[in-house]
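# Remarks on the overall topology
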Amino acid sequence: MKEYRCNKKMFFWKVTIPALFSLFLLVVCAAGSLYSNYRLLLGLVGLVCIYVIWNTIVTSSYPDRIVIRDKSIAFFSYGKCQEYFFDQIKQFRVRDTFYSKDVFIRINDPVFYKGRFWLNADYFNQGEELHRFILALEYKTHPSSLKAMARNR
């Protein structure tokens, strides 16, 4: 079993604070729309706030801990766990960035509330190893993908 933990300070500033600010802003937009002529603008800002809160808290899309076992990978965030067994993973798609270790992971036809994760491997202990494992899992799951073929050249 291998466990990767996100730096608590970075997780607080990059994930928790924006979610709390979005919650505050949503309350302000809701209250302001009762007494303002800018209901459309406040409604649009409120929708963005709902999206941020949904991704952060409801779907747990930003894990603070990742546990890799012999037969599974588990993502933990705010006390919630989403575990995926390797033999049940049909799709494991990773969109990574060229200059950093930011990755967007989609597992098994992600639905509205699970299967999507954003993470920056730089904020995790042994982040380089985690980043390599995630990419290797994608190549193992999809060996004939264009991305895997380009890697093997």
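Per chain, residue numbering runs from 1 following the sequence as it is written. Side-chain atom pairs in this predicted model are given and counted only at pLDDT of 80 or more, local residue features only at pLDDT of at least 70, and totals for whole chains, interfaces and linings cover all residues. Computation of side-chain values covers all heavy atoms of the structure but excludes hydrogens and water.

## Concerning the packing of aromatic side chains
- Here the aromatic set is Phe, Tyr and Trp, taking the six-membered ring for Trp, and pairing holds for ring centres within 6.5 Å; pairs whose planes are under 30 degrees apart are stacked, those over 60 apart are edge-to-face, and all others are tilted. In the structure shown here, the tally under the stated rule is seven aromatic pairs.
- Charge-over-ring contacts are defined here by two conditions on Lys NZ or Arg CZ: a distance within 6 Å of the ring centre and an angle within 35 degrees of the ring normal. Note that Arg-65 overlies the ring of Phe-76, its terminal NZ or CZ placed 3.9 Å from the centroid.

## Thoughts on helix 3 (residues 127-141)
- Only DSSP runs of H or I reaching four residues or more are called helices, and only runs of E reaching two or more are called strands; each is numbered from the N terminus. Given a helix with a known number of residues, its expected span is that number minus one, times 1.5 Å. With 15 residues, helix 3 extends 21 Å between its outermost C-alpha atoms, agreeing within 8% with the 21 Å of an ideal straight helix rising 1.5 Å per residue.
- With a 1.4 Å probe rolled over the protein chains alone, any residue whose accessible area is under 20% of its type maximum counts as buried; one over 50% counts as exposed, and the rest are partly exposed. Along helix 3, the positions that sit buried rather than exposed are Gly-127, Leu-130, His-131, Ile-134, Leu-135, Leu-137, Glu-138 and Tyr-139.

## Here we look at the sheet that holds strand 6 (residues 102-111)
- Strands qualify as paired when DSSP identifies two bridges or more between them. In space, the three strands of this open sheet follow the order 5-6-7, with antiparallel pairing throughout. This sheet does not close on itself; its edge strands, each paired only once, are strand 5 (92-96) and strand 7 (114-120). When the angles between neighbouring strand axes are averaged without regard to direction, this sheet yields 15°.
- Bridge count for strand 5 against strand 6 is five bridges, and the pairing is antiparallel. By the bridge assignment for strand 6, Arg-95 is matched with Phe-104.
- Contacts: residue pairs with any heavy atoms within 4.5 Å of one another. Interaxial angle, 0 to 180 degrees, is taken between N-to-C directions of lines fitted to C-alpha atoms, where a helix line uses only the stretch in contact. The sheet contacts of helix 3 involve strand 5, strand 6 and strand 7, and relative to strand 5 the element is tilted by about 130°.

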